[in-house]
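# Close look at the chain arrangement
Spelled out, the chains give:
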Amino acid sequence: MSDMISADLVDLDLSADTKEAAARALAERMAAQGRVTDLEGFLADVAAREAQMPTGLDGGIGIPHCRSAHVTEPTLAFGRSTAGVDFGAADGPADLIFLIAAPAGADDAHLTILSALARQLMNAEFTAALRSVGDPRTAAALIRGDEAAAGEDAPSAAAPAPEDTAAVPVAASTGTAAGSTARAAEAPAGETAGTSEAEAAGAPAAPAGETAGAGDADAPARPFRVVAVTSCPTGIAHTYMAAEALENAGREAGIELAVETQGSAGFTRLDPAVIAAADGVIFAHDVPVREKERFAGKPTVDTGVKAGINRPAELVAEVRRKAARGEVSAPAHAPAGTPVERAGDATEGYGTKLRTWLMSGVSYMVPFVAAGGLLIALGFAIGGWQVNKAPSVMDHFVWTQSGSWGALLFQIGGVAFKFLVPVLAGYIAYGMADRPGLVPGFVGGAIALDGNAGFLGGLAAGLIAGGVVLGIRKVPIPPVLRGIMPVVVIPLISSAIVGFLMFVVIGKPIASAQKGLTDWLNGLTGSNAVLLGALLGLMMCFDLGGPVNKVAYTFATAGIAVAQPGDSAMKIMAAVMAAGMVPPLAMALATTVRGRLFTPAERENGKAAWVLGASFISEGAIPFAAADPLRVIPSAMAGGALTGALSMTFGATLRAPHGGVFVVPLIGDPFLYLVAITAGVCVTTALVVLLKGMRGKAPEPTATEPAASPVTAPDGTGQPIAA
């Protein structure tokens with residue numbers, strides 16, 4: 001930690017009266033040391049983290065923290081306030097304030113050191129020493145854990161050395177040296193310092209003079225065993241402070257408690273044998289627990305991470321009471337959690353779940369849109385523009401006629417399209433409530449389809465179905481009925497409720513809104529259509545596969561997700577795909593014509609961007625935007641807006657929601673469509689080259705810079721996301 005804090009980053013007379021002012025005062029010290037490149041941008045990241053959950057802790061501690069692209073190296077600043085600053089703690093203002101700044105790609109070693117500090121904040125001697133320290137140099141040394149400061153101010157307050165804190169057992173935790181050490185320290189004279197294999201497995205230490213296998217009949221009953229998981233949106237401070245508090249509470253209660261910290265540096269899974277032997281589970285988390293199914297079938301206390309910090313003893317007592325009553329949170333072979341829980345990122349809070357639920361439905365729907373749209377487009381290409389009026393191929397099919405084959409493809413695509421709204425609604429509900437949400441979701445989606453409520457009706461039906469199932473799950477159920485709840489009771493009641501709401505209450509209003517949207521799209525002409533194309537182009541290039549990009553793409557696919565899409569809807573789809581292809585193709589071209597303006601890693605990414613851009617994968621431009629957002633993103637937005645506007649002006653149409661250049665033969669006016677894409681690519685390339693040329697030659701990477709990583713989706717799955 002020696003390079004993370006210095007005397008210049010310590011303010012023992014912090015005069016700020018608000019948490020924003022306190023963060024600014026400490027951040028200014030970081031900026032003065034060159035550790036923060038953009039003060040306002042960094043403070044915005046701190047504020048965003050603070051908005052997710054207050055960072056005040058009981059005991060007069062405030063720990064504002066964030067991971068930010070504006071931080072050059074992991075940094076810690078400390079301020080001591082006489083009046084106190086309100087960080088939202090239950091017991092009042094904080095007088096000890098730690099501003100923790102980690103780079104967006106902080107390495108595991110630095111994050112482990114920060115986690116060690118977070119644990120040390122639970123040490124009363126450490127905080128007392130900080131309240132009494134007299135000068136910044138000594139305070140910085142105390143936080144760093146320098147030996148001189150430790151001996152001079154607080155013998156036990158030095159921050160511990162970096163260690164693997166991902167799964168830290170307490171007392172006699174299974175398979176750990178920590179528990180063995182604790183037992184050895186407390187053993188009477190004459191006992192051996194080592195522990196037997198039985199002790200390593202959690203058995204109590206044998207009395208002096210007995211061998212590992214002797215005295216089993218007189219050995220006391222094994223202690224109560226608990227496993228816990230802690231996590232917070234940032235995964236730096238609260239995660240490890242909750243772990244430390246729970247460990248201390250377990251030690252005081254005389255139980256074995258092993259903690260799995262799911263922090264920013266990743267997490268090390270608890271040994272399955274430890275989980276299997278546990279008598280209870282504590283989840284103290286503010287982001288979804290990863291691989292939650294490992295803990296299924298045990299008495300469980302599920303709460304927020306701050307409860308793990310502020311009242312750990314109560315949580316331990318509560319899980320023991322649940323175990324005594326035989327309460328089990330889920331069957332022993334419960335499903336592996338909802339898609340949100342399985343994909344829970346360490347930086348994702350519950351505020352983003354709504355978007356995740358909606359994207360869950362959209363992601364399952366898009367393959368139906370792609371397959372159905374391409375089949376319909378191929379049907380028109382082979383059978384002509386009257387193929388939609390052909391009779392059913394079940395009644396009339398001639399093997400030697402192209403019209404019959406075109407009609408076959410068209411009708412298969414039409415059947416695929418009939419699944420769009422039910423699949424959308426069903427998998428939104430699935431994202432919220434897991435498999436019990438599928439039935440009411442599909443039922444609600446089918447009703448929306450029959451009632452002409454369309455895409456909007458599917459969204460509403462999915463959200464309602466998921467909410468109804470979650471509500472039913474909260475109702476206390478007699479143990480005898482638990483076995484039939486997911487198979488009979490939940491599908492029956494939830495389908496009835498969702499069906500009633502869709503048929504009687506909201507179906508018609510949503511159908512009217514859908515019709516109004518469709519009529520508006522079909523009525524777009526002239527300058528209105530051009531402006532819409534420009535707006536959609538801007539959105540597609542703003543965050544390159546992020547939420548804004550997905551809104552534009554979903555809007556376009558919703559328009560063509562019908563058997564007979566209007567001409568305006570197909571123009572919108574064409575404009576969206578064209579604009580989404582511009583950023584990666586432009587970056588590829590820029591690295592080709594002015595390679596000296598880019599780093600070697602960027603030039604390598606430029607080669608891949610040719611293929612990604614041609615395939616309509618906007619994420620191909622992410623490495624360039626991440627490295628130089630102020631030059632790349634505005635340039636991409638300008639080119640995307642031009643392409644979207646030109647595509648609408650030329651009247652290019654597209655029935656397929658994806659495919660890039662590979663579906664050009666299926667595009668209306670393909671030549672002009674390619675002209676629109678080329679114009680946008682040239683504009684973006686020219687702007688990027690001009691702006692980067694004003695900066696000069698790209699700096700050569702240093703030996704400490706990480707190697708360029710492959711282009712992956714923002715959701716961390718390692719797979720590119722369409723659009």
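Data block above holds the structure.
Residues numbered from 1 in each chain as written. Predicted model: local features only at pLDDT ≥ 70, side-chain atom pairs only at ≥ 80, totals over all residues. Heavy atoms only, no water.

## A few points about the overall build of the chain
Scanning the chain for helices and strands turns up 26 helices and 11 strands. Among the 723 residues that make up the chain, the fraction classed as buried is 50%. For the chain, the share of sequence-separated contacts (at least 6 apart) that also reach a separation of at least 24 residues comes to 73%. Per element, the accessible surface of the chain, about 30900 Å² overall, is 62% carbon and sulfur. (Helix = DSSP H or I, 4+ residues; strand = E, 2+ residues; numbered from the N terminus. Buried < 20%, exposed > 50% of the residue type's maximum accessible area, 1.4 Å probe, protein only. Contact = heavy atoms within 4.5 Å. Areas by Shrake-Rupley, 256 points an atom, 1.4 Å probe, with all protein chains shown as cover.)

## Description of the pairing of strand β8 (residues 225-231)
Burial analysis of β8 places 7 of its 7 residues in the buried class, which makes it a mostly covered element. The alternating pattern of β8 places R225, V227, V229 and S231 and V226, A228 and T230 on opposite faces, both of which are buried. Relative to strand β9 (residues 256-261), β8 runs parallel, the two sharing 6 bridges. Looking at β9, one finds that T230 is bridged to T261. (Pairing = 2+ DSSP bridges.)

## A look at the environment of L666
Turning to its location among the elements, L666 is positioned in the loop between α25 (629-650) and α26 (670-695). Along the chain, L666 and R655 lie 11 residues apart, while their C-alpha atoms are 7.7 Å from each other.

## Concerning the pattern of salt bridges
Throughout the structure, instances matching the rule amount to 16 salt bridges. The partner of K692 in a salt bridge is D628, with the nearest N and O atoms 2.9 Å apart. With a gap of 64 residues between them, K692 in helix α26 and D628 in the loop between α24 (622-627) and α25 connect regions that are remote in the sequence. Side by side, K692 and D628 carry an identical accessibility label, which is buried. A single network of salt bridges, built from pairs that share partners, joins E260, R269, E291 and R294. (Salt bridge = Lys/Arg side-chain N within 4 Å of Asp/Glu carboxyl O.)

## So, the packing of aromatic side chains
If you walk through the whole model with that rule in mind, you get 12 aromatic pairs. Note on Y427 and F442: the rings are 6.0 Å apart at their centroids and 75 degrees apart in plane angle, and the pair reads as edge-to-face. Linking Y427 in helix α16 (residues 420-433) with F442 in helix α17 (residues 438-450), this pair joins segments that are 15 residues apart in sequence. (Phe/Tyr/Trp six-rings, centres within 6.5 Å; stacked < 30°, edge-to-face > 60°.)

## Things to note about the packing of helix α9 (residues 238-253) against helix α12 (residues 312-325)
For the pair α9 and α12, the least separation of the axes is 8 Å and the interaxial angle reads 60 degrees. When the interaxial angle is binned, α9 and α12 end up oblique. Remark: the crossing between α9 and α12 carries right-handed chirality. Residue-level inspection shows A245, L246, A249 and A253 of α9 in contact with α12, the latter providing P312, A313, L315, V316 and R320. Across the contact of α9 with α12, the residue classes tally to 8 nonpolar, no polar and 1 charged. (Axes fitted to C-alpha atoms, helices over the stretch in contact; angles between N-to-C directions. Parallel < 35°, antiparallel > 145°, perpendicular 65-115°, else oblique. Left-handed = near helix turned anticlockwise from the far one by under 90°. Nonpolar A, V, L, I, M, F, W, Y, C, P; charged D, E, K, R; others polar.)

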